[in-house]
Amino acid sequence: MKEIIQDLSFGELKTLVAACGEKPFRAQQIREGLVLGRKISELPLPKSFRAQLLDRFEDEPVRIVKTLVSAEDGTKKFLFRLADGNLIEGVLMRYRYGNTQCVSTQVGCRMGCKFCASTLGGLIRNLTAGEILGQILCVNREEGGTNSRRAVTNAVLMGSGEPFDNYDHVVKFLRNLTAEGGFCMSARNVSLSTCGLVPQMRRFASEGIPLTLTVSLHAVTDKERIRTMPVSAAYSIDQILQACAYYFEKTGRRYIFEYSLIAGENSDEAHATALAELLSGKPCHVNLIRLNEVSERTLKATSEREAHRFLEILKHRGISATLRRSMGSDIGGACGQLRASCIAQAMRDKNENEGENDVTN
Ligand code: SAH
């Protein structure tokens, strides 16, 4: 694979332009083109300079290869192909306040959460900063975003992968995404979701990127959490809560807990009461969502009724909470579902072509 020009900060782009012996204004020109989702081959540059860049950098590091549109709510799901052929996915959700894109930070994931499709094949590789940004740039272009009106206004790092397991690239991506004169998304419009990697949560508090930190909790005791989230063996809920308090102390930002309601696992009334006690008085919000059932997994979603009951108990006890609609459920909204089904389909096609049934090769 060649290098990825979307990895570069503006400072690095300026250095590159100077090293190529080109006029300084070319750096801004390249940046403006890339921000609009253009390929290097589409940039209005002198032919020889363009050829030089194409020798070294991927022309299209992230390409949309499939789009599914939800008939229910207009949510769009994108399958992207990376330069090395790996597939990742993203979702664009339409809200009253803007369009939120969910981006992936890794190909696959090694955290092993039992309810999640992204982790089925383990971690394949980290994405680079430019591959994460590239997802937003090509969706923004596809949706007709301009300099004065972006089609993607918000971002959540909740696609495949654990952002804090790819710390340096994710931080660089966030700096490039929010850079003035670049895509210029406000950090306040960005949420980063982690399964609770405590050292990185603490480190991130000092990066000066005031985004919304979201932690996937999904349980009220360590004993129960470890059943669905193996990462609990490394960090306890208590350590996570302390890291959240530290994040609030350093940034003044409220934090969010994700809690997916799983039937017979974490969603009865006693769990709701225990969760309310655990979070009582903390500057946080709880996002409840009914589990998105993944065909490869056996866990089941809690009923609508139980989910509302859970929400009411939290609210009654003074916890700020919402039950999120599961968007795009008709198009496989949950992490990793599209990628998993496309890989499975590709395997089936390959096997049909080769006339064999062994899916392990
Ligand atoms: N690794 C990060 C971000 C990716 S997952 C994290 O763990 O937070 C984004 C969110 O979707 C997490 O809260 C995750 O627990 C949740 N999630 C994953 N699969 C899900 C499913 N099948 N149903 C509901 N939520 C799911």
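Residues numbered from 1 in each chain as written. Predicted model: local features only at pLDDT ≥ 70, side-chain atom pairs only at ≥ 80, totals over all residues. Heavy atoms only, no water.

1. What to know about the site of the ligand
For the record, the criterion: When we say a residue is near a molecule or strand, we mean one of its heavy atoms is within 4 Å of it. Distance and chemistry together define a polar contact, namely a pair of N or O atoms within 3.5 Å, with one atom able to donate a hydrogen and the other to accept it when in protein, and with adjacent residues in sequence counting only for side-chain atoms on both sides. Where accessible areas are quoted, they stem from the Shrake-Rupley method and a 1.4 Å probe; at the residue level, only the protein chains shown are allowed to cover. Helix and strand definitions here come from DSSP, where helices need a minimum of 4 consecutive H or I residues and strands a minimum of 2 consecutive E residues; each element is numbered from the N-terminal end. Nonpolar residues are Ala, Val, Leu, Ile, Met, Phe, Trp, Tyr, Cys and Pro. Charged residues are Asp, Glu, Lys and Arg, and all others, Gly as well, are polar.
Among the 20 residues in the neighbourhood of the ligand, the closest are listed as Glu162, Ser193, Ser216, His218 and Asn292. Within the side chain of Ser216, one N or O atom sits 2.6 Å away from an oxygen atom of the ligand. Within the backbone of Asn292, a nitrogen or oxygen atom sits 2.8 Å from a nitrogen atom of the ligand. Notes on the ligand: free accessible area 530 Å², of which the protein chains cover 93%. Sorting the residues of the shell around the ligand by element identifies strand S8 (190-194) and strand S10 (255-261) as the ones contributing at least two each. Considering only residue class, the shell around the ligand consists of ten nonpolar, eight polar and two charged.

2. Things to note about the domain arrangement of the chain
The condition that has to hold: Residue ranges assigned to each domain were obtained from an automatic or database domain assignment. Buried area, as used here, totals the accessible surface that two parts lose on assembly, with accessibility defined by a 1.4 Å probe and the loss added over both. Counted as salt bridges are all cases of a side-chain nitrogen of Lys or Arg within 4 Å of a carboxyl oxygen of Asp or Glu.
In terms of domains, the chain is made up of domain 1 (5-56) and domain 2 (61-194). The gap between the C-alpha centroids of domain 1 and domain 2 is 23 Å. Taken together, both faces of the contact between domain 1 and domain 2 bury some 1,200 Å²; the carbon and sulfur share is 46%. On the domain 1 side of the contact with domain 2, Gln6, Asp7 and Val35 bury the most area, a combined 49% of that side's loss. Note that Arg141 and Glu42 form a salt bridge whose closest N and O atoms lie 2.8 Å from each other. There are ten residue pairs in polar contact (both at pLDDT 80 or more) connecting domain 1 and domain 2. Looking at the side of domain 1 that touches domain 2 element by element, the count peaks at four residues for helix H2 (residues 25-35). Partitioned by chemical class, the residues of the side of domain 1 that touches domain 2 number four nonpolar, four polar and six charged.

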